[in-house]
Amino acid sequence: MIKEERFQDAINTLNTIPESSTTRAGLSLLGHCYYQTQDFIEAANCYEHLLNLVPDVQEYRLYYAQSLFQAGLFEEAQKIIATGLDSPELKDKVLQLQSAIAYGNEDYTAAQSLLLQRQDGNGQEASTKNDEGCLLYQANMYEDALQRYVSALQAGGFNPHVAYNAALCHYRRKENSQALNYIAEIVERGIRNHPELGVGAQAETEGGARSVGNPPALAASGLAQAFNLKAAIEYQEGNADGAREALTDLPPRSEPELDPVTLHNMALTDPTGGGAGLRRLAFLLELGPPACPPETFANLLLLCCKHEMYDTAADILAEHTHLTYKYLSPYLYDLLDALITAQSTPEEAEQKLGTLASSIGGRLRALAAKVQECRSATDQNALRMALREYEGALESYLPVAMARAWIPWRMDDFQGAEREFRASAEFCSETPSWRLHAAHVLFMRGDRYKEAAAFYEPIVRQNYDDILSIPASVLANLCVAYIMTSQNEEAEELMRKVERAEERKGNATGQCLHLCIVNLVIGTLYCAKNNYEFGLSRIAHALDGGSGARLCADTWIHVKRCVLGLLTGMAKQTIVLPSIALQETLNFLRACEAYGLTIPSVLTGPLEDSGEQPPTIGLEARKLRALLLRLMEYK
């Protein structure tokens, strides 16, 4: 069984033999099998019992320390090494383990000192080069680290873990194509050498593949690391679907079997919403180091802010103050602090963000001058480095600029938001996300539709052949901007384009809501202009008369807003609708009532769980219909 790497079967068989837990042979086999199945606590227990039986066997002391180290018990492992592990034959392995413990404790000076004591003989050159690369990587010396990894691959042949380290250096240097080349080689070799791991089986069976667990082959193949890095590259490039696809290609495992990095990345790419992602990140944070990835703390706070859970973010910061200085850069802490402060004192938040923007803005100007100098000197290497620094500073500046505009935006001060966008245009005007949000601000001004359309149009033209990849809000706002500037033909052509794209894709499941949202926004626009007859007919058409799969909390909120506007106007006797239009509205509400009996009418936050049954669309539609009937009968 052990020869065939059926370690769990071996453990089950050994556990049926009473002598296994009391004899050297049984405990040695159990310890080895538990270690291979990554049950390091049980492995450590076996080797502890072995040391009591045969205290003079140094290998068992080393295996005991290795098991404790793998379980994250660094101090306990160091104590075992210090109490009698002095065999000359095991010196290099002991030094390697001590160096790994120091590295895990982030004592990089001690790790470097221990590394220098190791010998490169006995085929250890590749291992030493790899460890040197790890120390250089931690010092952010990615180019030097990459050279060590390449040397390790040349000295010891292809090793998926060393290849992954090289890919990681390329990723940090923003050389994604080179990183993907290493990843492709790791995946290709992993599929060829370990077909039993079922790479891609989850995608083929839509998540129904049988779990392969965590066999030694998976750990040796480097597949988990490679696919996670590929997901990180896709996620960083804004391709959330590609990131999810990379994680789906992983060998199938149940959630309790997932490694912390995979769990972390699944939390960030969860398509069902923020709730599951937040819970996964909170779980990882409670695990603590070394199991918890260092990025977890920052990403949990950012995810809370993304879902406007600022009180939760403040509580997490208060409960984990010891992690603030360790895992948050001064820049990220200042940005999060300003976002949280904005909830109670917007003026103070504006001041904090202004200070941060001035600091980064000054650095951007200095780097821009440096880029120009490098271009004049025709030093390509220096130019690449300068451009990389400038892009990094711009990535830091953009969220600050967006946050400064967001503060007046949330108070419906769109003129103030536009002022903030003009202030950041010096650096961000060519950035796609800046242009998109600038368009939204101009659109909300209500009198700048032409300028808003000028920002929206390049976004649409760039993706015209794949129009459904454009956010529905962009298409809807551009249609409204066309209508408000008397360009009705352009609006109709754009809507026909969306309609044809949805027909080609197939909209039987109701998942594609682009045309629906466009019609809802246009219908709302006409209702806002008191043309309820046409506006409500547009809204009813958008939702298939209230009887389609497009009826959900997201779309219902626009329906009830417009119907309530109609009811208010009728109650004040400022709106008069023909009886046919009123009857069509009643029929529409009746259909919504029938088809929305079990559909929640309100959107809930990712962590909201009050235990109460939320109101349904059917119930609210019935109330609106009752109010409309009362107003129709009023004399």
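As recorded in an unreviewed UniProt entry, the protein goes by the name Tetratricopeptide repeat protein 30, listed as coming from Anopheles merus. Checking UniProt for the protein, the heading Subcellular location (unreviewed entry) contains the comment "Cell projection, Cilium". In its Sequence similarities (unreviewed entry) section, UniProt records this for the protein: "Belongs to the TTC30/dfy-1/fleer family."

For helix 15 (residues 240-248), the complete set of buried residues consists of G242, A243, A246 and L247. Looking down the long axis of helix 15, one finds its buried residues gathered within 140° of arc, a one-sided arrangement. The exposed residues of helix 15 that point more than 90 degrees off its buried face are D241 and E245. The secondary structure elements touched by the buried residues of helix 15 are helix 12 (201-204), helix 14 (223-236) and helix 16 (260-269).

Moving on, we get to the packing of aromatic side chains. Within a pair of aromatic rings, the relevant descriptors are the distance that separates the centres and the angle that separates the planes. For the coordinates displayed, the defined rule picks out 13 aromatic pairs. Seen from their ring centres, Y310 and W406 are 5.8 Å apart, and the 40° between their planes marks the pair as tilted. Pair noted here: Y310 is in helix 19 (residues 310-319) and W406 is in helix 23 (residues 380-409), with a separation of 96 residues, a long-range link. Residue Y310 shares its accessibility class with W406, and that shared class is buried. Taken together, a centroid distance of 5.2 Å and an interplanar angle of 75° make the contact between Y397 and F427 edge-to-face. Of the two residues, Y397 sits in helix 23 while F427 sits in helix 24 (residues 414-428), which places them 30 residues apart along the sequence. Judged by relative accessible area, which is 4%, Y397 ranks as buried. Judged by its relative accessible area of 10%, F427 falls in the buried class.

The next subject is helix 18 (residues 296-306). Most of helix 18 sits inside the fold, with 9 of its 11 residues counted as buried. Every buried residue belonging to helix 18 is among T296, F297, A298, N299, L300, L301, L303, C304 and C305, and all of these are buried. In the stretch just after helix 18, E308 is the one whose phi turns positive, near 60°.

Interaxial distance between helix 9 (residues 142-156) and helix 10 (residues 160-172) falls to 9 Å at its minimum, and their mutual angle equals 155°. By the angle between their directions, the pair helix 9 and helix 10 is classed as roughly antiparallel. Where helix 9 crosses over helix 10, the handedness of that crossing is left-handed. Here Y142, A145, L146, Y149, A152 and L153 of helix 9 lie close against helix 10, whose contacting residues are V162, A163, N165, A166, C169, H170 and R172. A class-by-class count of the residues in the contact of helix 9 with helix 10 yields 10 nonpolar, 2 polar and 1 charged.

Taken as a whole, this structure holds 29 salt bridges when the rule is applied. Here R448 ties to E418 by a salt bridge, and the two come within 2.8 Å at their closest N and O atoms. Remark: E418 occurs in helix 24 and R448 occurs in the loop between helix 25 (432-445) and helix 26 (449-462); sequence separation between them is 30 residues. The pair R448 / E418 is uniform in exposure class, with both members buried. One salt bridge in this structure joins D544 and R550, with 2.8 Å as the shortest N-O distance. Overall, R550 belongs to the buried group, its relative accessible area being 12%.

Here the UniProt-annotated "repeat: TPR" (unreviewed entry) positions come out as residues 24-57. Taken end to end, residues 24-57 is 79% helix and 0% strand, and its two terminal C-alpha atoms sit 11 Å from one another.

Taken together, the side chains of E286, D311, D315 and E319 make up a negatively charged region of the molecular surface. Ranked by the residues each element gives to the negative patch, the list is headed by helix 19, at 3 residues. Considering the arrangement of structural elements, one finds D311 in helix 19.

Analysis parameters
- All residue numbers refer to position in the chain's written sequence, counted from 1.
- Selection of residues for local features in this predicted model requires a pLDDT of at least 70, selection of side-chain atom pairs for listing and counting requires 80 or more, and totals for whole chains, interfaces and linings are taken over all residues.
- Based on all heavy atoms of the structure, the side-chain values leave hydrogens and waters out of the count.
- UniProt positions are given in the numbering used here, feature names are shortened, and annotations may be inferred rather than shown by experiment.
- Using a 1.4 Å probe on the protein chains alone, a residue whose accessible area is under 20% of its type maximum counts as buried, one over 50% counts as exposed, and one in between counts as partly exposed.
- Only DSSP runs of H or I with at least four residues qualify as helices, and only runs of E with at least two residues qualify as strands; both kinds are numbered from the N terminus onward.
- What the arc describes is the spread of directions from the helix axis to the C-beta atoms.
- Only heavy atoms enter the contact rule, under which two residues are in contact if any of them lie within 4.5 Å.
- Note on aromatic contacts: the rings of Phe and Tyr and the six-membered ring of Trp form a pair at centre separations within 6.5 Å, being stacked when their planes are under 30 degrees apart, edge-to-face when over 60 apart, and tilted otherwise.
- Note on method: axes are straight lines fitted to C-alpha atoms, helices fitted across the in-contact stretch only, with angles between N-to-C directions ranging 0 to 180 degrees.
- An angle below 35 degrees is read as roughly parallel, one above 145 as roughly antiparallel, one from 65 to 115 as roughly perpendicular, and any other as oblique.
- Helix crossings are classified by the rotation of the near helix relative to the far one: an anticlockwise turn of less than a right angle makes the crossing left-handed, while a clockwise turn makes it right-handed.
- Residues are grouped as follows: Ala, Val, Leu, Ile, Met, Phe, Trp, Tyr, Cys and Pro are nonpolar; Asp, Glu, Lys and Arg are charged; every other residue, Gly included, is polar.
- When a carboxyl oxygen of Asp or Glu lies within 4 Å of a side-chain nitrogen of Lys or Arg, that pair is called a salt bridge.
- Each patch is assembled from residues with relative accessible area greater than 30% and no salt bridge, linking like charges that lie within 9 Å and nonpolar side chains (Val, Leu, Ile, Met, Phe, Trp, Tyr) that lie within 5 Å.
- Computed with the Shrake-Rupley method and a 1.4 Å probe, the accessible areas treat only the protein chains shown as cover for residues.
- When charges are counted, Lys and Arg are positive and Asp and Glu negative, with His and the chain ends excluded.
- Where a charge sits is defined by one atom per residue type, namely NZ (Lys), CZ (Arg), CG (Asp) or CD (Glu).

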